[in-house]
Amino acid sequence: MLELSILGFLAEEPLHGYELKERIRALSGHVRPVSDGALYPAINRLVAAGLLDQRTEDGVSAAPRRVLSLTAEGRAELLARLRDPKQAEITDHVRFNTLLAFLRHLDDPAEQAAVLRRRLDFLETPSSFFYRKGAPVHAEEAGDLFREGMLRVARATGKAERTWLREAIETLAGSG
């Protein structure tokens, strides 16, 4: 998801490393903080792969800084990742939110809707944080105040997300 975030933010405008790190932190940092030890090696891998370009510009009151931008190959890679996200990017809430943050870069509403449909299909499959005899445990059956809270919050947010996904898919179907 770090690479997707890098490609996605740089599709919007060139940024230097610190700006990029701050945008990634704002997107998911409270859940999955990004360290320099993860960010800069990822940037270097993307530069080496020809997906990013870098140039040096004078710093305002500091040393020169690297400004990163997306190459044509980088844009193609971003679009490919958005069109066909990995299953974990559909099932994991934080990863899916990262995908949503950049899904607008796909120009085809049908491709956007296909990604949303995958998430909706996943959310409509019965599941739980807890299972008893192979069956999902519902909030009313948790037998524990705190697990019941987890399950009730998950049910409410899942319902809200499914409602939004259906509305968004319908909107995209009307724009095609």
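In what follows, the structure referred to is the one given above.
It should be emphasised that the depicted structure is a prediction, and the values quoted were computed from it without experimental measurement.

A. The arrangement of the overall build of the protein in detail. For the protein, the count of helices and strands is eight helices and five strands. Listing each helix as α and each strand as β along the protein from the N terminus yields α-β-α-α-β-β-α-α-α-α-β-β-α. Along the first, second and third principal axes, the C-alpha set of the protein runs to 60 × 40 × 25 Å. By residue count, 36% of the 176 residues in the protein fall in the buried class. Taking contacts inside the protein between residues at least 6 apart in sequence as the whole, the part at least 24 apart equals 52%. Approximately 10400 Å² of the protein is accessible, and the part contributed by carbon and sulfur atoms is 53%.

B. How the structure looks around the side chain of Ser-5. Checked against the element boundaries, Ser-5 lands in helix H1 (residues 2–12). Assessed through its relative accessible area of 2%, Ser-5 is described here as buried. Those residues in contact with Ser-5 that lie beyond four places of it in its chain are Ile-24, Leu-27, Thr-98 and Phe-102.

C. View of helix H7 (residues 109–123). A rise of 1.5 Å per residue sets the reference length of H7, with its 15 residues, at 21 Å; its end C-alpha atoms lie 21 Å apart and thus fit the reference within 8%. For H7, the set of buried residues is Pro-109, Gln-112, Ala-113, Val-115, Leu-116, Arg-119, Leu-120 and Leu-123. Down the axis of H7, the buried set is contained in an arc of 160°. They therefore lie on one face. Two or three places before Ala-110, at the opening of H7, Asp-108 has a side-chain oxygen 2.9 Å from that residue's backbone nitrogen.

D. Quick peek at the sheet that holds strand S2 (residues 52–57). The antiparallel open sheet is built from three strands, whose spatial order is S1-S3-S2. Both edges of this open sheet fall to strand S1 (15–16) and S2, since each of them pairs with a single strand only. As paired elements, S1 and strand S3 (residues 65–70) share two bridges and run antiparallel to each other. Bridge pairing links Leu-15 to Leu-68 in S3. Relative to the sheet, H1 contacts S1, S2 and S3, its axis offset from that of S3 by approximately 90°.

E. Broad picture of the pairing of S3. Alignment of S2 against S3, held across six bridges, turns out to be antiparallel. When the sheet's bridge partners are listed, Arg-55 is paired in S3 with Val-67.

F. Structural view of unusual backbone geometry. The backbone phi angle of Lys-133 is positive, close to 55°, even though this residue is not glycine. Assignment of secondary structure puts Lys-133 in the loop between strand S4 (131–132) and strand S5 (135–136). The exposure class of Lys-133 is exposed, given its relative accessible area of 88%.

G. Region of the structure containing the pattern of salt bridges. This structure, assessed with the given rule, holds 15 salt bridges. Note that Glu-3 is salt-bridged to Arg-45, the shortest N-O span being 3.3 Å. Placement of Glu-3 in helix H1 and of Arg-45 in helix H3 (residues 36–48) is noted, with a sequence separation of 42 residues between them. Under the relative-accessibility criterion, Arg-45 is labelled partly exposed at 47%. For Glu-57, the salt bridge goes to Arg-65, with nearest N and O atoms at 3.2 Å. Classification of Glu-57 as partly exposed rests on a relative accessible area of 27%. On the basis of relative accessibility, which here comes to 27%, the residue Arg-65 falls in the partly exposed class. Here the residues in one salt-bridge network are Glu-3, Arg-45, Glu-77 and Arg-81, joined through shared partners.

Calculation rules
- Residues numbered from 1 in each chain as written.
- Predicted model: local features only at pLDDT ≥ 70, side-chain atom pairs only at ≥ 80, totals over all residues.
- Heavy atoms only, no water.
- Helix = DSSP H or I, 4+ residues; strand = E, 2+ residues; numbered from the N terminus.
- Buried < 20%, exposed > 50% of the residue type's maximum accessible area, 1.4 Å probe, protein only.
- Contact = heavy atoms within 4.5 Å.
- Areas by Shrake-Rupley, 256 points an atom, 1.4 Å probe, with all protein chains shown as cover.
- Expected span 1.5 Å × (residues − 1).
- Arc of directions from axis to C-beta.
- Polar contact = N/O pair within 3.5 Å; in protein donor to acceptor, adjacent residues only side chain to side chain.
- Pairing = 2+ DSSP bridges.
- Axes fitted to C-alpha atoms, helices over the stretch in contact; angles between N-to-C directions.
- Salt bridge = Lys/Arg side-chain N within 4 Å of Asp/Glu carboxyl O.

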